[in-house]
Amino acid sequence: MRLPLFLLFAFLLRAQAPTPSPEEIARKQLEYTRAHYTKYDYRIPMRDGIKLFTSVYVPKDDSKKYPILMQRTPYSVAPYGINNYPTRLGPSDLFTKEGFIFVYQDVRGRYLSEGTFVDVAVHKTHLAGPTDPDESTDTYDTVDWLVKNVAGNNGRAGMWGISYPGFYAVYGLMNSHPALKAVSPQAPMGDVGNGDDAYHNGAFYLAANFGFYVGFPPRGPEPERPPRTVPFDFGTPDQYDFYLRMGPLANANEKYFKNKNSYWDDLLDHDTYDEYWQSRAQSPHMNNTTPAVMFVGGWFDAEDLAGPLKLFRAVKNGGPKAPVTLVMGPWLHGGWSRMDGDRLGNLSFDSKTGETYRDQIELPFFMQNLKEKGDGLKASPDAKVPEAYLFETGTNQWRRFETWPPKEAVEKTLFFGAGGKLVWQAPSETGTDEYVSDPDKPVPVIGEIGPGMAGDYMTYDQRFASQRPDVLVYRTDPLDRDVTITGPVTSVLHVSTTGTDSDFVVKLIDVYPNDYPDPTPNPKGVHMPGYQQLVRGEPIRGKFRNSFSNPEPFKPGERAKIEYVMPDVCHTFRPGHRIMVQIQSSWFPLVDRNPQKFLSIPRAKSSDFQKATERVYRGGEDGSVLRVQLLP
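Let me sum up the structure you'll find in this document. (Residues numbered from 1 in each chain as written. Predicted model: local features only at pLDDT ≥ 70, side-chain atom pairs only at ≥ 80, totals over all residues. Heavy atoms only, no water.)

## Quick word on the overall build of the protein
- Each helix and strand in the protein was counted, giving 13 helices and 25 strands.
- In terms of overall size, the protein behaves like a compact globule, its C-alpha atoms giving a radius of gyration of 26 Å where 632 residues would be expected to give roughly 26 Å.
- Expressed as a percentage of the 632 residues in the protein, the buried residues total 57%.
- Sequence separation of at least 24 residues holds for 78% of the intrachain contacts in the protein that already meet a minimum separation of 6.
- Counting only carbon and sulfur atoms, one obtains 50% of the accessible surface of the protein, whose full area is about 26400 Å².
- Mean positive and mean negative side-chain charge positions of the protein (70 and 77 charges, respectively) differ by 3 Å. (Helix = DSSP H or I, 4+ residues; strand = E, 2+ residues; numbered from the N terminus. Rg over C-alpha atoms; globule rule 2.2 N^0.38 Å. Buried < 20%, exposed > 50% of the residue type's maximum accessible area, 1.4 Å probe, protein only. Contact = heavy atoms within 4.5 Å. Areas by Shrake-Rupley, 256 points an atom, 1.4 Å probe, with all protein chains shown as cover. Lys, Arg positive; Asp, Glu negative; His and termini not counted. Charge placed at Lys NZ, Arg CZ, Asp CG, Glu CD.)

Now the structure itself:
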């Protein structure tokens, strides 16, 4: 059928209309926000008299009541002033349009809030009295004040936050206010001293922490607005070179921090999992939670992958009074909130996973629990809330699971064999493979010039590492069927070293077949045939093999066992692909260099760094293996 001429003309105009620029989109979002919300600033009193600066955005339409949706942050609630508005409110623009009472609060001791800020605050198991505060009581007192003093609220409140604000959202789960009905900690730092930002199995994440703390200085004693800052200048795009030239960890303070950042000092003063870190872990306090909980994380999160996984298990095991769900997608840190999610680095996921999350997961979760509308995370009105709602990489599909890890998963073992073989049966032949680890020439985290911790480093091709003489490689034959690995991955290494300390890094890798197609279009000239995609990688500092609190030296040349658990995966290795494991003793500058001498590494000198020969034992019933959980 032919279109009338005026309709055809209108269609052509619409087809030729330029895509709005990000600036134009932001301008229209800001116009909408100003037209539909009124901003109020409050200084809300806590039980000890300290006042916390809080901005509240109330819908102008007062014909109905709205739930409260709050974020508490150490990163500033800017823009300050009741006439200054952000472009959008809430976790996404969908929330701005839907209508909530949005609340943003500077946490204790940050920016315009009174009090003293504690980096990675401690939860008090016992309060000294009715006026003794911590972050959980600050959350309680804030919610209590809001429901009593902000007009037009429906008596229900929710919380969310990403990264550090996600950490503060978790405090809302401890002795929650009765009005708090839904909490979504997203990429929260569940245990900074073991698994999240600072230390992983005793290994210090150098690039992440240096890069963060050079831009996160302590505030003065009085409230103040954010000062103007200049980003740190590394002086080179090659951060591998920057950190190598920096030398031992002790040089960072002398050269760059100038002893003016107590937070950085605390990191290095506590290089074991001591009481300092143990008291800051949130997992032990996830008992009898009452709000509905949705933990969110990214399979490729370089910063806080472990946090949502560890806290999800803690809430689940602590007897929750409302559903708890784990949501994981193919994202880098916070990518679910701002990216399309159809690709990351060189990887493609075949759909806009970020849009799916924001539209079909995040908004429905809060709508059901705060407005009592819709089915939330259920697949249907009669279904149960899933324990896990995950994106399975490899097959690139969303899946709901009744339990996580899936109850039908079966534990299997991958054995290291002779000639770089990775097999499903224990080889009868025993033997060893070895390499020389040189801290002056550490294995880089990425195979090109770039940042010390690229946000998407887990998507980088690992072929550069498999070609190095200081990296051991084991791989299966090409698979003849789908192999789906779910849940945590356990490394069991039998090793010896000529040093008295050494790191060991285990990487689980998906090797693509040689006929895998290149992307179309391909402006970066990426070659996907034979691509080695990192599925999971995790280090351990060998001196912590028996205890993260009490390090022990290796006896040079003597065999020792190292067993540790790596964060969960949900990945399918497709037919024609291979499963690969790489083992190395440095991962720089993601992880600081181990001198391979038993000592306190933050106090090591250049003269302490030495080469070491690392030996991995394989074969027999007690050789090195990787334990995984497979879906049938």
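There is more to say after this.
## Some words on the side chain of Thr96
- Tracing the backbone through its elements, the reader meets Thr96 in helix α3 (residues 93-98).
- Beyond its immediate chain neighbours, meaning those up to four positions away, Thr96 contacts Tyr32, Thr33, Tyr37, Arg88, Leu89 and Phe102.

## What to know about the sheet that holds strand β5 (residues 153-162)
- Across the sheet, 10 strands lie side by side as β1-β2-β4-β3-β5-β6-β9-β10-β13-β14; this open sheet has mixed pairing. One side of each edge strand has no neighbouring strand; the edge strands of this open sheet are β1 (37-45) and β14 (397-401). Geometrically, the sheet is characterised by an average inter-axis angle of 20° between neighbouring strands, direction not taken into account.
- Relative to strand β2 (residues 51-59), β1 runs antiparallel, the two sharing 9 bridges. Considered in β2, the bridge of Lys39 is made with Tyr57.
- Strands β1 and β2 of the sheet are contacted by helix α2 (residues 22-36), whose axis makes an angle of about 70° with β1.
- Most of the contacts of helix α4 (residues 135-149) go to strand β3 (residues 66-73), to which it runs at about 150°, and overall it touches β1, β2, β3, β4 (101-106) and β5. (Pairing = 2+ DSSP bridges. Axes fitted to C-alpha atoms, helices over the stretch in contact; angles between N-to-C directions.)

## Considerations on the pattern of salt bridges
- A complete count under the given rule lists 33 salt bridges for this structure.
- Between Asp592 and Arg541 there is a salt bridge; the shortest N-O distance is 2.9 Å. Of the two residues, Asp592 sits in the loop between β23 (578-584) and β24 (612-618) while Arg541 sits in strand β21 (residues 532-541), which places them 51 residues apart along the sequence. As far as the burial class goes, Asp592 and Arg541 line up, both buried.
- Each of Glu24, Arg27, Lys28 and Glu31 takes part in a single network of salt bridges with overlapping partners. (Salt bridge = Lys/Arg side-chain N within 4 Å of Asp/Glu carboxyl O.)

## Observations regarding the packing of aromatic side chains
- Using the criterion set out here, one finds 60 aromatic pairs in the structure.
- Aromatic side chains Phe349 and Phe391 sit 6.1 Å apart centroid to centroid with 85° between the ring planes, which places their arrangement in the edge-to-face category. Taken together, the residues Phe349 in the loop between β12 (347-348) and α12 (353-371) and Phe391 in strand β13 (residues 388-392) connect sequence positions 42 residues apart.
- Within the aromatic cluster, the residues linked to one another by ring pairs are Tyr199, Phe204, Phe210, Phe232, Phe234, Phe242, Tyr243, Tyr256, Phe257, Trp264, Tyr276 and Trp277.
- The ring of Phe117 carries Arg110 above its face, with NZ or CZ at 5.1 Å from the centroid.
- For the cation-ring pair, Arg593 lies above Phe609, with the distance from its terminal atom to the ring centre recorded as 4.5 Å. (Phe/Tyr/Trp six-rings, centres within 6.5 Å; stacked < 30°, edge-to-face > 60°. Lys NZ or Arg CZ within 6 Å of the ring centre and 35° of its normal.)

## Concerning the pairing of β4
- Extensive coverage of β4 is indicated by the burial of 6 of its 6 residues.
- Burial along β4 is two-sided: Ile101, Val103 and Gln105 facing one way and Phe102, Tyr104 and Asp106 facing the other are all buried.
- Bridge analysis of β2 against β4 gives 4 bridges, and the strand direction is antiparallel. Each residue of the ladder has a partner; that of Thr54, found in β4, is Gln105.
- Inspection of the sheet shows β3 paired to β4 by 6 bridges, in the parallel sense. By the bridge assignment for β4, Met70 is matched with Val103.
- Between the parallel pair β3 and β4, the chain is carried across by α3, and the sense of this crossover is right-handed. (Right-handed = clockwise from strand over helix to strand, strands pointing away.)

## Concerning the environment of Asp470
- Considering the arrangement of structural elements, one finds Asp470 in the loop between α13 (463-466) and β18 (472-475).
- Note on Asp470: relative accessible area 9%, which makes it buried.
- Note: C-alpha distance between Asp470 and Thr486 (16 residues apart in sequence) is 29 Å.
- Dropping the residues within four chain positions of it, Asp470 is found in contact with Tyr435, Val436, Lys441, Val443, Ile583 and Gln584.

## Focus: helix α9 (residues 262-269)
- Among the residues of α9, those classed as buried are Tyr263, Trp264, Leu267 and Leu268. End-on, the buried residues of α9 take up no more than an arc of 130°, which puts them together on one face.
- On its buried face, α9 sits against β7 (199-200), β8 (203-204), α6 (206-213), α8 (250-257) and α10 (275-278).
- Where α9 begins, one side-chain oxygen reaches toward the backbone nitrogen of Tyr263, 3.0 Å away; that side chain belongs to Asn261. (Arc of directions from axis to C-beta. Polar contact = N/O pair within 3.5 Å; in protein donor to acceptor, adjacent residues only side chain to side chain.)

## Some thoughts on helix α7 (residues 239-246)
- Residues Gln239, Phe242, Tyr243 and Met246 constitute the buried set of α7. The buried residues of α7 occupy an angular sector of 90° when the element is viewed end-on, so they sit on one face.
- Contacts from the buried residues of α7 go to α6 and α8.
- Of the residues flanking the start of α7, the one acting as N-cap is Asp238, its side-chain oxygen 3.3 Å from the backbone nitrogen of Tyr240.
- Positive backbone phi, approximately 85°, marks Gly247, located one or two places after α7.

## Regarding the pairing of β14
- Here β13 runs beside β14; their pairing, made up of 5 bridges, is antiparallel. When the sheet's bridge partners are listed, Leu390 is paired in β14 with Arg399.
- The turn joining β13 and β14, which pair antiparallel and follow one another in sequence, is formed by 4 residues; a positive phi near 95° is taken by Gly394.

## Some points on the nonpolar core
- Judged by nonpolar contacts, the single largest core of 113 residues is most densely connected at Trp264, Phe295 and Tyr457.
- If we skip the residues at most four places from it in the chain, Phe295 touches Val170, Leu173, Pro185, Pro188, Pro308, Leu311, Phe312, Val315, Val324, Thr325, Leu326 and Val327. (Core = buried A, V, L, I, M, F, W, Y, C linked by side-chain atoms within 4.5 Å.)

## Comments concerning unusual backbone geometry
- Cis rather than trans, the peptide bond between Trp404 and Pro405 has omega equal to -5°.
- Among the secondary structure elements, Pro405 is positioned in the loop between β14 and β15 (410-416).
- The amide bond that connects Phe588 to the next residue, Pro589, takes the cis arrangement and shows omega of 0°.
- Considering the arrangement of structural elements, one finds Pro589 in the loop between β23 and β24.
- The phi dihedral of Ser76 falls on the positive side, at around 90°, and the residue is not glycine.
- With respect to the helices, strands and loops of the structure, Ser76 is situated in the loop between β3 and α3.
- Although it is not a glycine, Lys258 adopts a positive phi angle of roughly 55°.
- Its location among the elements puts Lys258 in the loop between α8 and α9.

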